[in-house]
Amino acid sequence: DEMNRRPTGMEELQAMAGPGAGPDGGQMYIDGFTGGEMPPKSSIREVRINSNPFSAEYDKPGFGRIEIFTKPGMNNFHGQVFGQYNNEYFNSRSPLLTQSTRPFYKQEFFGANVTGPLVKNKASFSLDFEHRIIDENAFVLATTLDSSLNPQSVNQAVVTPQSRNSVSPRLDYTINANNTLVVRYQDTRIGLDKQGVGSYNLPSTAYNQSTVENTLQATETAVLSAKAINETRFQYLRSNISNQGNNAVPTLNVAGAFVSGGAQIGNSGTTVNNFELTNATNVTHGAHTVKWGVRLRDALDRDTSVNNFGGMYTFFGGIGPELNADNQAIAGTQLQLSALEVYRRTLLFQGLPAAQIRALGGGASQFSLTAGVPTTSLNQLDAGLFVNDDWRVRPNLTVSYGLRYETQTNIHDFRDIAPRLGIAWGLGSGGNRTAKTVLRFGFGIFYDRVAETVFLNANRYNGQTQQSYLLLNPTFFPSIPTPAQLASASQAQQLQPVTGNARAPETIQASLGIDRQINKHLRLSAQYVESRG
């Protein structure tokens, strides 16, 4: 659904940028910062896609990189408002529903932007606001059993309310003739209700999810001389994702028929505090433009997971005897049973010994449950240093070369040295004649950080913090055993250790391309890119 995706504008930018190499794909930068939500469209000044793909300033491969720059405040007041509305009366009927009336649907989207001066020629501001409500439907198409244990179809639409609100002010302040300060804040709140419902999943499995993300960014730019500029950027990003579901009762999964019971996500959530500090200096000297700098990032994660603490019974199809009108087994017969029929026979013969129920074609196929300490915390720091030189060798030849070094905590990998090289050569230029054909070549090594979630899971699934249990052909349906009772069964535990010699993912990328200006209206480009990871 729409709220689970990024805003449509982000999808369009990703399509234009193309697929990014590496395990995490491309990366989005907002005013030079990593992470964070895409700002409102009305506040965007400029978007750069795949700009200088092999610059040592960036950690990610340039193909697939998106750089977004927001607008500064203006010396005159300007503003705009926009909106759109839609409901079920503007839509066709759903082919998935047997009912003749359209299910409820609503979409509201409106926003505003205002910008102007605070102190003339000294300070200005901009303010963006967006509000979005989408009440979509999840379609349940399942088969359950009625009170007489007869199959009955469930065909209904469940309204899944979704909302997104974003407020983003920005302040531009001229400290003196050589120093300027930009401060930007963004508050984004997303609410997703009745998640997890649809297809075989009945409404009882629904859970609600809320996301609150607060971002504070500050950028100070200092003009050191006519040829040197220093920029310091700081970002604090706090993200909180909260899930509310009922896992006080187990989930019942009858394969190919229905899923009912509780939402095993329970009351789980993640709080992340990210700090990012970057300092970069740009110096122009003759034909050289040299830029060097350092970036430090610190992530503090606190993750609470009670997923499957209520347990889950699963029924698969099986083989059982044919039953007569009195539900007695017909000797010498064997039938292929659906999962729903296996479940029906389990209820039908409930009260008999477990072995007899299974001989009659009933019985759960497996039971799983997780227990232990819900909350796990982690701290991860990473650093990156770079230097890059754009050398204009001749008016029609530019060579960009540089070196980047990265490292992080939680792994013992200190070998992440990344050389970069890019060449642009204009053919046929001379005098006042500009080149109509440009050859481009690039090469670089890039490293991805090993995500915090890898180490969170390693701490959680170490055999002690949380224990996972999986029993085949359980004999205790529908009662729920305690973790101590399950532990006595000596089941194997889920473990996710991180090897001591883990290394950061590495991508080697090279490209060769040609641009040809046909006339003032038409330019052709061809490019070959190879990535090895």
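Above this text is the structure in question.
Residues numbered from 1 in each chain as written. Predicted model: local features only at pLDDT ≥ 70, side-chain atom pairs only at ≥ 80, totals over all residues. Heavy atoms only, no water.

Enquirer: Could you clarify how one ought to interpret the overall build of the protein in this entry?
Expert: From N to C terminus, the protein includes five helices and 26 strands. On the principal axes, the C-alpha backbone points of the protein span a range of 100 × 60 × 45 Å. Looking at the protein as a whole, 43% of its 533 residues qualify as buried. Within the protein, residue pairs in contact and separated by at least 24 positions form 67% of the contacts whose partners lie at least 6 positions apart. Summed over its atoms, the accessible surface of the protein is roughly 26900 Å², and 56% of this surface lies on carbon and sulfur atoms. (Helix = DSSP H or I, 4+ residues; strand = E, 2+ residues; numbered from the N terminus. Buried < 20%, exposed > 50% of the residue type's maximum accessible area, 1.4 Å probe, protein only. Contact = heavy atoms within 4.5 Å. Areas by Shrake-Rupley, 256 points an atom, 1.4 Å probe, with all protein chains shown as cover.)

Enquirer: I would appreciate a short explanation of the sheet that holds strand β12 (residues 251–254) in the present structure.
Expert: Strand pairing within a sheet occurs via backbone hydrogen bonds; the two strands may be parallel or antiparallel. Pairing is mixed across the open sheet formed by five strands, whose spatial order is β13-β12-β16-β19-β24. For this open sheet the edge positions go to β13 (258–261) and β24 (466–472), each flanked by a neighbour on one side alone. Averaged over all pairs of adjacent strands, the angle between their axes in this sheet comes to 15°, without regard to strand direction. (Pairing = 2+ DSSP bridges. Axes fitted to C-alpha atoms, helices over the stretch in contact; angles between N-to-C directions.)

Enquirer: Is there a simple way to think about unusual backbone geometry in this case?
Expert: Of note, the bond from phenylalanine 477 into proline 478 is cis; its omega dihedral lies within 30 degrees of zero at 5°. With a phi angle near 50°, asparagine 473 is a residue other than glycine that sits in the positive phi range. Tracing the backbone shows asparagine 473 in the loop between β24 and α5 (483–487).

Enquirer: When you look at the pattern of salt bridges in this model, what are you seeing that I'm missing?
Expert: Any two side chains of opposite charge can pair, so long as their charged atoms come close to each other. Applying the stated rule across the entire model yields 18 salt bridges. Arginine 460 serves as the salt-bridge partner of aspartate 303, at 2.7 Å between the closest nitrogen and oxygen. Note that aspartate 303 is positioned in strand β15 (residues 288–304) and arginine 460 in helix α4 (residues 452–460), a separation of 157 residues in sequence. In this pair, the class of aspartate 303 matches that of arginine 460, namely buried. Note that arginine 449 and aspartate 416 form a salt bridge whose closest N and O atoms lie 3.2 Å from each other. With arginine 449 in the loop between β23 (437–447) and α4 and aspartate 416 in strand β22 (residues 416–427), the pair connects residues that are 33 residues apart, well separated along the chain. (Salt bridge = Lys/Arg side-chain N within 4 Å of Asp/Glu carboxyl O.)

Enquirer: When you look at the side chain of glutamine 467 in this model, what are you seeing that I'm missing?
Expert: If you trace the backbone, glutamine 467 turns up in strand β24. Looking at glutamine 467, the relative accessible area reads 17%, which means it is buried. Reaching out from glutamine 467, the side chain makes a polar contact with the backbone oxygen of glutamine 464 at a distance of 2.5 Å. What glutamine 467 contacts, discounting residues up to four positions off in sequence, is Leu369, Thr370, Ala371, Gly372 and Gln493. (Polar contact = N/O pair within 3.5 Å; in protein donor to acceptor, adjacent residues only side chain to side chain.)

Enquirer: Explanation requested: the nonpolar core in the structure shown.
Expert: Within soluble globular proteins, side chains that are nonpolar generally end up buried alongside one another. Leu252, Val254, Phe258, Tyr313, Phe315 and Tyr343 are the most contacted members of the largest nonpolar core, which totals 30 residues. Where this core is concerned, the elements lending two or more residues are β7 (123–145), β8 (151–174), β12, β16 (312–315), α2 (339–348), β19 (366–372) and β24. Contacts of valine 254, omitting those with residues within four sequence positions, involve Phe315, Ala339, Leu340 and Tyr343. (Core = buried A, V, L, I, M, F, W, Y, C linked by side-chain atoms within 4.5 Å.)

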